[in-house]
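What the coordinates show
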Amino acid sequence: MKQLRKWSRILHRDIGFFFIGTTILYGLSGIALNHLSDWNPNYTVELKHFKTLINLEKTADTKSNVLKLLDEVDKKENYKKHYYPNPNNIKIFLKGGSSITVNVTNGKGTTEYLKRRAVFYEANFLHYNPNKIWTWFSDAFSASLILFAITSFFMVKGKYGIKGRGGIYTLIGILIPLLFLLYFI
Amino acid sequence: MKKIIFFLAISLSIIACKTESKKTEDSKPQIESNQDAPFLALGEFDIKAGDFVNKEVKIQGIVDHVCKHSGKKLLVVTDDGRVHITSDTRFNDALTGSEIALTGIVLEDRIDESYCLQMEEDNIKSHTEGASNEEQFETKKQHIQQYRDQMKAENTDHISNYSLKYVSHIEIE
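Because the structure is a prediction, the values reported are computed rather than measured.

Here's the deal with the nonpolar core
As a rule of thumb, soluble globular proteins bury nonpolar side chains together. Core analysis: the largest hydrophobic core is formed by 20 residues, its most contacted members being I59(B), L74(B), I85(B) and L164(B). Breaking this core down by element, the ones donating at least two residues are β1 (56–66), β2 (73–77), β3 (82–86), β4 (99–112) and β5 (158–172) of chain B. Counting residues per element, this core draws most heavily on β1(B), which supplies four residues. I54(A), V66(A), L70(A) and I90(A) belong to the second-largest nonpolar core, a separate cluster that totals 14 residues.

Pasting the structure below:
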């Protein structure tokens, strides 16, 4: 038992240190992605309204007129593509994911600027499991979480251990998801 | 301790300052699997797609939207039409605004009365559980009613919605 406790502490401590960064990363992106209906976790969105006199109706000069508009409201170098979702509106795509929508009848338009959220964008990118190498690493992380749970049984003895307060916390922690499942399934 | 804090600060700064991400596999031009697949213009996609269910077709258009939730759905558009694309792998959101030529397998989604009833049930459940707000609930409700109105107007028992299962794409400059 002494050896088991010793090795539980060593593994829990050293692997815990190793995965501190990954734990924070998954924690941050976990909260961010839990609230997808409340916010855009990857980008900040800024809307700017404007009015233009440039003719953006579908003609042979549309592209040069679109570039003129970009000179007014953004930079023409940012132009990517455009199309007409319906006869009254043109949508212009800009580099970086931003876009401009203009009502070609009254000239009223809105620019939607997207800007990556620092740290969150990268954390969410990794959370979504971008490739096989990361799959291996994140599997190792997940396995280590199970190991942390198992080693925690043996790390502390006495009234704060699994036979005392630790056991009560463990039971409560298991009961909460079980009650949730009983109620919602 | 000072060294650790310094290292963490530097790491966070590098991540925060980095604005351009490396391209993922999804953004690289890919070789089309079936060169002989017929081309469908998006303007006639809904009319002709029924003839190609479970078969490969080619389309061309601008990526209007990459799904922010899953990253596995695209909306490809032209002035004349639009089509939804689904994939098993995530798309790079840098595809937004790019013109692409895409090969995909035509999928048919049949909407009938039992589908509408299921949608209604899901909508009520989602609203009761707080997963959707009042506006989202009402929008979905109207959407379901539109399906019913359309079926009634067309005197049919179902509506066919066509989409594409992603196979490959190339970006067009």
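A word on the packing of aromatic side chains
Residue and element names in this part refer to chain A. Inspection of the entire model under this criterion finds 14 aromatic pairs over all chains. Measuring from ring centre to ring centre gives 6.4 Å for F153 and F154, while their planes differ by 70 degrees; the resulting arrangement is edge-to-face. A relative accessible area of 35% places F153 in the partly exposed class. For F154, a relative accessible area of 24% corresponds to the partly exposed category. Joined through ring pairs, the aromatic side chains of F18, F19, Y26, W134, F137 and F141 make up one cluster.

Concerning the pairing of strand β5 (residues 108–116) of chain A
The pairing of strand β1 (residues 43–51) of chain A with β5(A) spans nine bridges and is antiparallel. From the neighbouring strand, F50(A) faces β5(A), where its bridge partner is G109(A).

As for the packing of helix α2 (residues 20–34) of chain A against helix α4 (residues 120–127) of chain A
Residue and element names in this part refer to chain A. One can describe the packing of α2 onto α4 by two numbers: an axis separation of 9 Å at closest approach and a directional angle of 95 degrees. Relative to α4, α2 is oriented roughly perpendicular. Taken together, the residues of α4 that come into contact with α2 (itself represented by L25, Y26, L28, S29, G30, A32 and L33) are F120, A123, N124, L126 and H127. Residues belonging to the contact of α2 with α4 are distributed by class as follows: eight nonpolar, four polar and no charged.

Regarding the packing of α2(A) against helix α5 (residues 132–155) of chain A
Residues and elements named next belong to chain A. Where α2 contacts α5, the two axes come as close as 11 Å, and the packing angle between them is 100 degrees. On the basis of the axis angle, α2 is roughly perpendicular to α5. In contact with T22, T23, L25 and Y26 of α2, α5 contributes W134, F137, S138 and F141. For the contact of α2 with α5, the class distribution of residues is five nonpolar, three polar and no charged.

Looking at α5(A)
Residues and elements named next belong to chain A. Between its first and last C-alpha atoms α5 spans 34 Å; for 24 residues at 1.5 Å apiece the expected length is 34 Å, and the two agree. Taken together, the buried positions of α5 are W134, S138, F141, S144, F148, T151 and M155. Between the side-chain oxygen of the N-cap and the backbone nitrogen of I133 there are 3.1 Å, and the N-cap of α5 in question is N131.

Concerning the interface of chain A and chain B
Contacts between chain A and chain B engage 20 residues on the former and 28 residues on the latter. Buried surface at the junction of chain A and chain B, summed over both partners, amounts to about 2,100 Å²; 50% is from carbon and sulfur atoms. In this assembly, chain A and chain B are joined by three salt bridges. K91(A) serves as the salt-bridge partner of D64(B), at 3.1 Å between the closest nitrogen and oxygen. Our count for the chain A to chain B interface comes out at 10 residue pairs in polar contact (both at pLDDT 80 or more). For the side of chain A that touches chain B, the secondary-structure elements that each account for two or more residues are β2 (79–86), β3 (89–94) and α4 of chain A. Residue contributions to the side of chain A that touches chain B peak at five residues, all from β2(A). Of the residues in the side of chain A that touches chain B, the class split is 12 nonpolar, two polar and six charged.

What to know about the confidence of the model for chain B
Residues and elements named next belong to chain B. Across chain B, pLDDT averages 84, with 80% of residues at or above 70. This model gives residues 19–32 a pLDDT under 50, and the stretch forms 29 contacts once residues within four places in sequence are excluded. Across the whole predicted complex the pTM is 0.72, and at the interface the ipTM reaches 0.70.

A short note on the sheet that holds β2(A)
Residue and element names in this part refer to chain A. If you walk across this open sheet you meet the five strands as β1-β5-β4-β3-β2, and the pairing is antiparallel. Strands at the two margins of the open sheet, each flanked by one partner only, are β1 and β2. Here the average twist between neighbouring strands, direction ignored, is 20 degrees. Bridge count between β3 and strand β4 (residues 99–103): five bridges; the pairing is antiparallel. Paired with K91 across the two strands is T101, which belongs to β4. Packed on one face of the sheet, helix α3 (residues 62–73) meets β1, β2, β3, β4 and β5 and runs near 110 degrees to β2.

Parameters and conventions
Residues numbered from 1 in each chain as written. Chains lettered and ligands numbered in written order. Predicted model: local features only at pLDDT ≥ 70, side-chain atom pairs only at ≥ 80, totals over all residues. Heavy atoms only, no water. Core = buried A, V, L, I, M, F, W, Y, C linked by side-chain atoms within 4.5 Å. Buried < 20%, exposed > 50% of the residue type's maximum accessible area, 1.4 Å probe, protein only. Helix = DSSP H or I, 4+ residues; strand = E, 2+ residues; numbered from the N terminus. Phe/Tyr/Trp six-rings, centres within 6.5 Å; stacked < 30°, edge-to-face > 60°. Pairing = 2+ DSSP bridges. Axes fitted to C-alpha atoms, helices over the stretch in contact; angles between N-to-C directions. Parallel < 35°, antiparallel > 145°, perpendicular 65-115°, else oblique. Contact = heavy atoms within 4.5 Å. Nonpolar A, V, L, I, M, F, W, Y, C, P; charged D, E, K, R; others polar. Expected span 1.5 Å × (residues − 1). Polar contact = N/O pair within 3.5 Å; in protein donor to acceptor, adjacent residues only side chain to side chain. Buried area = accessible area lost by both parts, 1.4 Å probe. Salt bridge = Lys/Arg side-chain N within 4 Å of Asp/Glu carboxyl O. pLDDT = per-residue confidence, 0-100.

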